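Here are the chains, one letter per residue:
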Amino acid sequence: MTTKPPFPNEPGILAFHRRCEDFYPADAVDASIQQQRAWYDALCAEFDAPSPEGLTREDQLVAERIPVRRYRPAEIATQTRIFYIHGGGFVVGSLQSHDAICAEIAHVARAELVSVDYRLAPEHVWPAAFEDCFEVLQWLLADGRPLVVVGDSAGGNLAAGLALKARTEGLAGIVGQVLIYPGLGGDLVSGSYVEMAQAPGLSTADVAYYRDILKAPAENAVAHPLKAADLSGLPPAYITSAHFDPLRDDAALYAQRLAAAGIEVTYRNEPQMIHAWLRARHRSEGAREGFAHLCCGIGRLVGTR
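Right, let's walk through the structure included here.

Definitions and cut-offs
- Residue numbers here run from 1 along each chain, matching the order of that chain's written sequence.
- In keeping with the predicted nature of the model, local features appear solely for residues at pLDDT of at least 70, side-chain atom pairs appear and are counted solely at 80 or more, and the whole-chain, interface and lining totals rest on all residues.
- Side-chain calculation: all heavy atoms of the structure are included, whereas hydrogens and water are not.
- Going along the chain from the N terminus, every DSSP run of H or I of four or more residues is numbered as a helix, and every run of E of two or more is numbered as a strand.
- Between the two quantities, the radius of gyration covers C-alpha atoms and the globule rule is 2.2 Å times the number of residues to the power 0.38.
- Burial classes: relative accessible area under 20% of the type maximum marks a residue as buried, over 50% as exposed, and values in between as partly exposed (1.4 Å probe, protein chains only).
- Residues count as neighbours in contact if any of their non-hydrogen atoms are within 4.5 Å of one another.
- Only the protein chains shown count as cover for residues, and the accessible areas themselves come from Shrake-Rupley with a 1.4 Å probe.
- When charges are counted, Lys and Arg are positive and Asp and Glu negative, with His and the chain ends excluded.
- Taken as the charge centre is NZ of Lys, CZ of Arg, CG of Asp or CD of Glu, depending on the residue.
- DSSP bridges decide pairing: two strands pair if at least two such bridges lie between them.
- In this analysis, axes come from line fits to C-alpha atoms, helices being fitted only over the stretch in contact, and the angle between any two N-to-C directions falls in the range 0 to 180 degrees.
- Call a crossover right-handed when, viewed with both strands pointing away from you, the route from the first strand across the helix to the second goes clockwise.
- In this scheme, roughly parallel covers angles under 35 degrees and roughly antiparallel covers those over 145, while 65 to 115 is roughly perpendicular and the rest are oblique.
- By convention the crossing between two helices is left-handed if the near helix lies anticlockwise of the far one by an angle smaller than a right angle, and right-handed if it lies clockwise.
- Each residue receives one of three labels: charged for Asp, Glu, Lys and Arg, nonpolar for Ala, Val, Leu, Ile, Met, Phe, Trp, Tyr, Cys and Pro, and polar for the others, Gly being one of them.
- Each nonpolar core is a collection of buried residues, namely Ala, Val, Leu, Ile, Met, Phe, Trp, Tyr and Cys, held together in the definition by side-chain atoms within 4.5 Å.
- As used in this structure description, the phrase polar contact means that two N or O atoms lie within 3.5 Å; if the pair is within protein, one of them must be able to donate a hydrogen and the other to accept it, and residues adjacent in sequence are counted only when both atoms belong to side chains.

Points about the overall build of the protein
Of regular secondary structure, the protein possesses nine helices and eight strands. Its C-alpha radius of gyration of 18 Å places the protein within 12% of the 19 Å reference for a compact globule of 305 residues. Across its three principal directions, the C-alpha atoms of the protein cover 60 × 45 × 35 Å. The buried share of the protein, taken over its 305 residues, is 56%. By sequence separation, contacts in the protein at least 24 residues apart represent 77% of the contacts at least 6 residues apart. Accessible surface, the protein as shown: approximately 12,300 Å² in total, 53% of it carbon and sulfur. Both charge centroids of the protein, one from 27 positive and one from 37 negative side chains, sit 3 Å from each other.

This is the structure in structure tokens:
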């Protein structure tokens, strides 16, 4: 007897998932890298949203090679900046793919935000993406302004790794880390990786594919933050996960370990959400609520809430 894969029942997130599969099929990882990127770009465009009134954007290069985009909302109420790192399995995604998400976070948090277009696999395997993000991190911290690092999915992995490396190197200035359904190097044969192996939007097989294509060393704690032996001294965290997501336990376990190490941490598991629910924030009540909590959590860390 075949067991039916677990699925949410909220109409909004189910409609979102159906629309996603119109653009990005469940077996997308079997397609060429170029096709995956084309599908992903079309998907992101489908869920685009109007820009907040008065918000401005500026594109520039860091170290003459790393594209970044700076968002300045109409009202800025803090000197603390947000550094946003996009998801996409280290394979897809760009400044444009998460443009609307970044704009809305900057607007609601009333803080300047900078996003990064890091190098992607398989053309650039580990540690290229991380090195790009760390170089931008150092560039942002150079003027002494505090920073909150934020990332979703693969970007959540990079954000957590940046906090670990900054601590190790004595690089001051990160005052918060926000991890949105992050992949942190958990065991692929236990917990949510088994329970949600066939979850809508991201399967455990997909996670294995993305890990394989990145080629990060299995025991490297910066690449797999759950492997870090010591989490003390890290910045306060806001961590959010989706219940119907094989990555769910990565987020929960990391939150538990941070708290055990004495780090202030807020953890939310969105009960009806699937991976990539940020894109559903204007179509799903659960995603809308999750996004509101996320922006509030970011706002507390940057000092505007």
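So, the sheet that holds strand S5 (residues 147–152)
Strands sit in the order S1-S2-S4-S3-S5-S6-S7-S8 across an open sheet of eight strands; the sheet is mixed. Both edges of this open sheet fall to strand S1 (56–62) and strand S8 (265–274), since each of them pairs with a single strand only. Taken pair by pair, the neighbouring strands of this sheet meet at an average axis angle of 20 degrees, ignoring direction.

Some points on the pairing of strand S7 (residues 237–244)
S7 sits mainly inside the fold: seven of its eight residues count as buried. In the sheet, strand S6 (residues 174–180) pairs with S7 via four bridges, with the strands oriented parallel. Pairing of Gln177 across the sheet is with Ala237, part of S7. Where S7 lies against S8, seven bridges are found, and the strand directions are parallel. Across the sheet, residue Ala242 finds its bridge partner in S8, namely Glu270. As for the winding sense of the linkage, the β-α-β connection from S7 through helix H8 (residues 248–260) to S8 is right-handed.

A closer look at the packing of helix H3 (residues 99–109) against helix H9 (residues 285–302)
Across the interface, H3 lies against H9 with an axial gap of 9 Å and an inter-helix angle of 55 degrees. The angle between H3 and H9 places the two elements in the oblique class. Note on packing geometry: the crossing formed by H3 with H9 is right-handed. For the pair H3 and H9, the contacting residues are Glu104, Ile105, Val108 and Ala109 in the first and Phe291, Cys295, Ile298 and Val302 in the second. In the contact of H3 with H9, the residues fall into seven nonpolar, no polar and one charged.

Quick look at the nonpolar core
With 102 residues, the main nonpolar core has Phe83, Leu137 and Tyr254 as its most contacted residues. Ignoring any residue separated from it by four or fewer positions in sequence, one finds Tyr254 in contact with Ala160, Leu164, Gln177, Leu179, Leu184, Pro225, Leu226, Leu231, Leu234 and Ile239.

Describing the environment of Tyr209
Relative to the assigned elements, Tyr209 resides in helix H7 (residues 204–214). Taking the C-alpha atoms as reference points, Tyr209 and Asp30, separated by 179 residues in sequence, lie 9.5 Å from one another. Apart from the residues lying within four places of it in its own chain, the contact partners of Tyr209 are Val29, Ile33 and Gln36. Only 3.0 Å separates the side chain of Tyr209 from the side chain of Gln36, close enough to count as a polar contact.

Describing the packing of helix H4 (residues 128–141) against helix H5 (residues 154–169)
Closest axis-to-axis distance for the H4/H5 pair is 10 Å, and the angle between their directions is 60 degrees. In this view, H4 runs oblique relative to H5, as classed from their interaxial angle. Judged by the twist between their axes, the crossing of H4 over H5 is right-handed. Note on element contacts: H5 touches H4 through Leu158, Gly161, Leu162, Lys165, Ala166 and Glu169, opposite Ala129, Phe130, Cys133, Phe134 and Leu137. Residue classes in the contact of H4 with H5 are distributed as eight nonpolar, one polar and two charged.

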